[in-house]
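The primary structure of each chain is shown beneath.
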Amino acid sequence: MPPCKVLFIFGTRPEAIKLCPTILHLRRFPSEFAVRVCVTAQHRSLLDQVLQVFAITPDHDLDVMLPGQTLFQSTSRILSALEPVLRHEQPDMVLVQGDTTTTFCGALAAFYQRAAVGHVEAGLRTGDMFQPFPEEMNRVLTTRLTSLHFAPTEMSAANLRKEGIPDEQIVVTGNTGIDALLYIKSRLENGRIVAPPLPYLPDPSRKMILVTGHRRESFGDGFLRICQSLQRLAARPDVEVVYPVHPNPNVQDPVNQLLAGLPNVHLIAPQEYVPFVDLMRRSHLILTDSGGVQEEAPSLGKPVLVMREKTERPEAVHAGTTRLVGTDPQRIIAEAELLLDDAAEYDRRSHMHNPYGDGRASERIAAAIQRRLISPVE
Ligand code: UD1
Ligand code: UDP
């Protein structure tokens, strides 16, 4: 039998981090898989640095990013640019990951070409189409277009069953983001890679609060409230705030206006993946609205405060390492101070345990494709 032609389609930083380990794994079995890689480059700089870390050169680069792109622009540009790639490659299966505009467009393009879709990180839900926006809708639409669902956890698999997805199309794999994290973590620990020097002058007497934020539903007032909270926390003599600022202008503008130049606040460029893992390891606690960071922090024993009202990743909330704090300054400050001031509480919430994966998700995905659980949506 000829190898199964698998076309990976991705475009943003988190998709790249979470698909590169799977690409590398499938490439180890050339008689089973013919691997092709298409990047939309919905992100440009954030994407390229991840491809470098994993030494992956795409076969197709659609280069669709525009500065300050709207959802209308990115969706239409990505879908149009995918048509010739799908026609040329004629894949047996398209693999997409997560919930971005690229994910949805990749799945739709595959459907138009009548290729089977495998969805990595399937079944995450908040149940609210506007939180996160537009990602929850992207997930739901991608599920409809998918014939092989790689659910990271039992909870995400249960979400899919509730929506009527047949059991035989669902495989619980763990999250491939943990494959990537454990790979980088072990290479840092055994000295095979070295994190570059920190991009700011750290004060070892202070506890680091590491911050990331980019959700569209927080643009405007939400980001103003987040910045006010950080101003107040940074005023404590025992704290320093380290914030790699996402390049989206809706994030850059308020963050720079409200936080630039404050003592104990280090606004730094988005970090490449290896230095960011190093920053997470050095942090005391993490304040974020990121999906991937919520998944990674438990493997590093770092408590997380999630600056959102709802999360599609409730497993770590149930395990006690993660807590939802929204964007209300009072809640953010009270919860951060609890972790800064109460050592017993900090110990309880910083144990290492990861409900999201064990580093072997890519193996399970490869095995599931090999079992030919594929039946294209007609
Ligand atoms: C996107 C995803 C979001 C994901 C996030 C991860 C959608 C709708 N949103 O959000 O689900 O969580 O990526 O980071 O798919 N920019 C650059 N350089 C880059 C990347 C972005 O300059 O490398 C700037 C550009 O001005 C760009 C803007 O950020 O137009 C927004 O990028 P976009 O991909 O539309 O949305 P994100 O907010 O990054
Ligand atoms: N990340 C990174 N550099 C940074 C911030 C985050 O490499 O400055 C990594 C992080 O470790 C995680 C991923 O990017 O693997 C998360 O991406 P993001 O928060 O942009 O998207 P989300 O996961 O919310 O979709």
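Here, every reference points to the structure presented above.
All of these numbers come straight from a predicted model, not from anything done at the bench.

Definitions and limits used
- Residues numbered from 1 in each chain as written.
- Chains lettered and ligands numbered in written order.
- Predicted model: local features only at pLDDT ≥ 70, side-chain atom pairs only at ≥ 80, totals over all residues.
- Heavy atoms only, no water.
- Phe/Tyr/Trp six-rings, centres within 6.5 Å; stacked < 30°, edge-to-face > 60°.
- Buried < 20%, exposed > 50% of the residue type's maximum accessible area, 1.4 Å probe, protein only.
- Helix = DSSP H or I, 4+ residues; strand = E, 2+ residues; numbered from the N terminus.
- Contact = heavy atoms within 4.5 Å.
- Pairing = 2+ DSSP bridges.
- Axes fitted to C-alpha atoms, helices over the stretch in contact; angles between N-to-C directions.
- Near = heavy atom within 4 Å.
- Polar contact = N/O pair within 3.5 Å; in protein donor to acceptor, adjacent residues only side chain to side chain.
- Areas by Shrake-Rupley, 256 points an atom, 1.4 Å probe, with all protein chains shown as cover.
- Nonpolar A, V, L, I, M, F, W, Y, C, P; charged D, E, K, R; others polar.

Draft legend 1. Local environment of the packing of aromatic side chains. Applying the stated criterion across every chain yields a total of 5 aromatic pairs. The interplanar angle of 50 degrees and the centroid separation of 6.2 Å between the aromatic rings of F111 and Y112 together place this pair among those described as tilted. Note on F111: relative accessible area 31%, which makes it partly exposed. Where F130 meets F133, the ring centres are 5.9 Å apart and the plane angle is 10 degrees; that geometry is what we call stacked. Overall, the relative accessible area of 58% leaves F130 in the exposed class. Here the aromatic residues F54, Y183 and Y273 are joined through ring pairs into a cluster of three or more.

Draft legend 2. View of the environment of R161. The topology assignment puts R161 in helix 6 (residues 154–162). The spatial distance from the C-alpha of R161 to the C-alpha of G123 is 8.9 Å, given a sequence separation of 38 residues. Setting aside its immediate chain neighbours within four residues, R161 contacts E154, D167 and I170.

Draft legend 3. Molecular detail of the sheet that holds strand 9 (residues 239–244). Taken in spatial order, the 6 strands line up as 10-9-8-11-12-13 in an open sheet, and their pairing is parallel. Single-partner strands in this sheet number two, and they are strand 10 (265–268) and strand 13 (322–324). Sheet twist, expressed as the mean angle between neighbouring strand axes with direction ignored, is 20 degrees. Most of the contacts of helix 9 (residues 249–259) go to strand 10, to which it runs at about 150 degrees, and overall it touches strand 9 and strand 10.

Draft legend 4. Geometry of helix 10 (residues 273–282). Here helix 10 lies mainly inside the structure; 8 of its 10 residues are buried. When we look at burial in helix 10, the residues that qualify are Y273, V274, P275, F276, V277, D278, L279 and M280.

Draft legend 5. Molecular detail of the site of ligand 1. Around ligand 1, a shell composed of 24 residues is seen, among which Q42, H43, L66, G68 and E135 lie nearest. Here R44 contributes a backbone N or O atom positioned 3.1 Å from an oxygen atom of ligand 1. Contact between ligand 1 and T101: an oxygen atom at 2.9 Å from a main-chain N or O atom of the residue. Across the complex, the protein chains shield 94% of the 740 Å² of accessible surface that ligand 1 would expose by itself. Tallied by class, residues from the shell around ligand 1 come to 9 nonpolar, 11 polar and 4 charged.

Draft legend 6. Highlighting the environment of V85. By the secondary structure assignment, V85 is in helix 3 (residues 71–89). Along the sequence, V85 and M280 sit 195 residues apart, while their C-alpha atoms lie 37 Å from each other.

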